[in-house]
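# Examination of the molecular architecture
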Amino acid sequence: MTNTGLIAMSNELIRRGLAHVIDESTELQLIAQASSIEETSRILTEGPPAVIVLGDQLPDGPGIPACQAIRNEFPQLGIVLLSFGPPGNQLLAAMAAGVSALVTTDDSAEQLVEAMTHAARFPTDFMAAGLAEAIRDRTEPAGPHLSPRESEVLQLLADGLAITQISNDLYISESTTKTHIARLYDKLGVNNRAQALMTAVRYGLVTIGNDPLEREFTSE
């Protein structure tokens, strides 16, 4: 079965390149090209193809909101978003907008054809390279930003040093050490050393020899 396709891209050279890729495919047939969201909407209203490839930026607006509007009007249309840079945060935004697949200009012609074929067959099943990593990065806490000195103090706390020892090692006063510790507790959202180290380990901010739950810490 041959899936009909539409290319919506502002750059004529890129449109021609994509058209050539589609023409070389036995699974796809290009039936129309558009250079703007407005032109795309008109073509879709006249009779939607099986799949559309939309650039992430068109002269009359960005691609992702356009994809959302198209998905709302054409629930069974395959939508492929073509990103002209690293996908980054576009991955999750594209998925939320109802995009069927996301590809970049760094991907191969075969990957584009695969994405278009997938989109035509499974329009509501999102496909993109790096999706698992993007979801993991979004769901895993990044942790607070610590200054170099705060990181040093935190590691020494993890090593089990007392305030006096930390002050001596870093050649700072005990008052300054206590200030750094107070700021650490505030950034980590904790009240004592044990909580601070457990939270820091979870964020990957320190290396610690033993499980912090098995060590005795004094609240400072």
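See the structure printed just above.
Here's a quick rundown of the structure.

What counts and what doesn't
- Per chain, the residues get numbers from 1 upward, laid out in the order the sequence is written.
- Only residues with pLDDT of at least 70 are given local features in this predicted model, and only at 80 or more are side-chain atom pairs given and counted; all residues enter the totals for whole chains, interfaces and linings.
- Side-chain calculation: all heavy atoms of the structure are included, whereas hydrogens and water are not.
- A helix here means a DSSP run of H or I that spans at least four residues, while a strand means a run of E at least two residues long, and both kinds are numbered starting from the N terminus.
- When a residue's accessible area, from a 1.4 Å probe over protein chains only, is under 20% of the maximum for its type it is buried; when over 50% it is exposed; and in between it is partly exposed.
- Whether two residues are in contact is decided by their heavy atoms, any of which lying within 4.5 Å being enough.
- Under the convention used here, a 1.4 Å probe and the Shrake-Rupley method define accessible areas, while residue burial counts only the protein chains that appear.
- As used here, the term nonpolar core means buried Ala, Val, Leu, Ile, Met, Phe, Trp, Tyr and Cys residues forming a set that is joined through side-chain atoms within 4.5 Å.
- For two strands to count as paired, DSSP must find a minimum of two bridges between them.

## A word on the overall build of the protein
The number of helices and strands found in the protein is ten helices and eight strands. Buried residues in the protein amount to 45% of all 220 residues. Taking contacts inside the protein between residues at least 6 apart in sequence as the whole, the part at least 24 apart equals 61%. Summed over its atoms, the accessible surface of the protein is roughly 11800 Å², and 49% of this surface lies on carbon and sulfur atoms.

## Section: unusual backbone geometry
Most peptide bonds take the trans form, and the phi angle of most residues other than glycine is negative. Not every positive phi belongs to a glycine, and Tyr 171 is a case in point at roughly 55 degrees. Here Tyr 171 lies in the loop between helix H8 (163-170) and helix H9 (174-188). Tyr 171 gets classed as exposed once you look at its relative accessible area, which sits at 77%.

## Let's talk about the nonpolar core
Of all hydrophobic cores here, the largest spans 25 residues; its most connected members are Ile 52, Leu 54 and Ile 70. Sorting the residues of this core by element identifies strand S1 (3-8), strand S2 (28-34), helix H2 (37-46), strand S3 (51-55), helix H3 (63-73), strand S6 (78-83) and helix H4 (90-96) as the ones contributing at least two each. Ranked by the residues each element gives to this core, the list is headed by H3, at four residues. What Leu 54 contacts, discounting residues up to four positions off in sequence, is Ala 8, Met 9, Thr 40, Gly 63, Ala 66, Cys 67, Ile 70, Val 80, Leu 81 and Leu 82.

## Considerations on the pairing of S3
Taken across its five residues, S3 has five buried, putting it largely inside the fold. Going residue by residue along S3, you find Val 51, Val 53 and Gly 55 tucked away on one face and Ile 52 and Leu 54 tucked away on the opposite face as well. Pairing analysis gives four bridges linking S1 to S3, with the strands arranged parallel. Bridged to Leu 6 within S3 is Ile 52. With five bridges connecting them, S3 and S6 associate as parallel partners.

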